[in-house]
Amino acid sequence: MADIAVQRIKKELKEVIESDEIQRCNIFVELADDDYQDLRGKIAGPSDTPYEGGTFHLEIKIPKSYPFKPPKVKFLTRIWHPNISSATGAICLDILQDEWAASMTLRTVLLSLQALLAAAEPDDPQDEMVARQYRNNYPLFFKTAQYWTYFHAGGENSNSEFTEKVQSLKDMGKTL
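Residues numbered from 1 in each chain as written. Predicted model: local features only at pLDDT ≥ 70, side-chain atom pairs only at ≥ 80, totals over all residues. Heavy atoms only, no water.

### A closer look at the nonpolar core
Link 1 in the chain: With 39 residues, the main nonpolar core has Ile43, Ile60, Phe75, Ile91, Leu106 and Leu113 as its most contacted residues.
Link 2 in the chain: Ranked by residue count, the leading element in this core is helix α3 (residues 106-118), at 7 residues. (Core = buried A, V, L, I, M, F, W, Y, C linked by side-chain atoms within 4.5 Å. Buried < 20%, exposed > 50% of the residue type's maximum accessible area, 1.4 Å probe, protein only. Helix = DSSP H or I, 4+ residues; strand = E, 2+ residues; numbered from the N terminus.)

Below is the structure:
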């Protein structure tokens, strides 16, 4: 990795760690294996969303050409969201693709991901099945996302109906 990228990442990590805003939003980032190209992040599910109470883990890969190219970010925690693949964790967010600018930072990325959880864009989906459910049956989407948050991200189980249905499927020998 070029020295300029390493220096920039060191500065940005310090900015994230020392930011009161980031701490209030329950966002965290650290190096993975002392490698400035491989970071791990955590974001809390925003209040008043089906993700509330969950902690979502992220993989953040910094390209050699950073900050001129965006970091590659994916969710390691499974999540039910129209703009995040329920299978791979890939994210559809403009600033991680063609709207990236070298002036953006890790702080920008992490706050934008948390904002995405609160304001999905179902008309520009990463996961079409989830987006269809979001558009056509929002109450079911909300319950499903809430259950996934409980099951995969440690959120509260406020959906006993789903828990019972999943247990029924397991009792019939289905693997989930």
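### A closer look at the UniProt feature "active site" (unreviewed entry) in the protein
Link 1 in the chain: Mapped onto this structure's residue numbering, the UniProt feature "active site" (unreviewed entry) falls at Cys92.
Link 2 in the chain: On the secondary structure map, Cys92 appears in the loop between β4 (72-75) and α3.
Link 3 in the chain: A residue is classified by how much of its surface remains accessible, and Cys92, at 13% relative accessible area, is buried.
Link 4 in the chain: Ignoring sequence-local partners within four residues, the contact set of Cys92 consists of Asn83, Gln97, Leu116, Asp124, Pro125 and Gln126. (UniProt positions renumbered as here; feature names shortened; annotations may be inferred. Contact = heavy atoms within 4.5 Å.)

### Quick look at the side chain of Ser85
Link 1 in the chain: The topology assignment puts Ser85 in the loop between β4 and α3.
Link 2 in the chain: By relative accessible area, which is 11% here, Ser85 ends up buried.
Link 3 in the chain: Within the structure, Ser85 has its side chain in polar contact with the backbone nitrogen of Ala87 (distance 3.2 Å).
Link 4 in the chain: With residues up to four places along the chain from it excluded, the contact list for Ser85 reads Ala90, Gln126 and Asp127. (Polar contact = N/O pair within 3.5 Å; in protein donor to acceptor, adjacent residues only side chain to side chain.)

### Description of the UniProt feature "domain: UBC core" (unreviewed entry) in the protein
Link 1 in the chain: Under the local residue numbering, the UniProt record ascribes the feature "domain: UBC core" (unreviewed entry) to residues 4-154.
Link 2 in the chain: For the annotated span residues 4-154, helix accounts for 38% and strand for 18% of the residues, and the straight-line distance between the end C-alpha atoms is 38 Å.

### Let's talk about the packing of aromatic side chains
Link 1 in the chain: Evaluation of the coordinates by the stated rule reveals 10 aromatic pairs.
Link 2 in the chain: Ring geometry for Tyr66 and Trp100: centres 6.0 Å apart, planes at 40°, overall tilted. Here Trp100 lies in the loop between β4 and α3 and Tyr66 lies in the loop between β3 (55-61) and β4, a separation of 34 residues in the sequence.
Link 3 in the chain: Overall, the relative accessible area of 1% leaves Tyr66 in the buried class.
Link 4 in the chain: Owing to a relative accessible area of 11%, Trp100 belongs among the buried residues under this scheme.
Link 5 in the chain: Here the aromatic residues Tyr134, Tyr138, Phe141 and Phe142 are joined through ring pairs into a cluster of three or more. (Phe/Tyr/Trp six-rings, centres within 6.5 Å; stacked < 30°, edge-to-face > 60°.)

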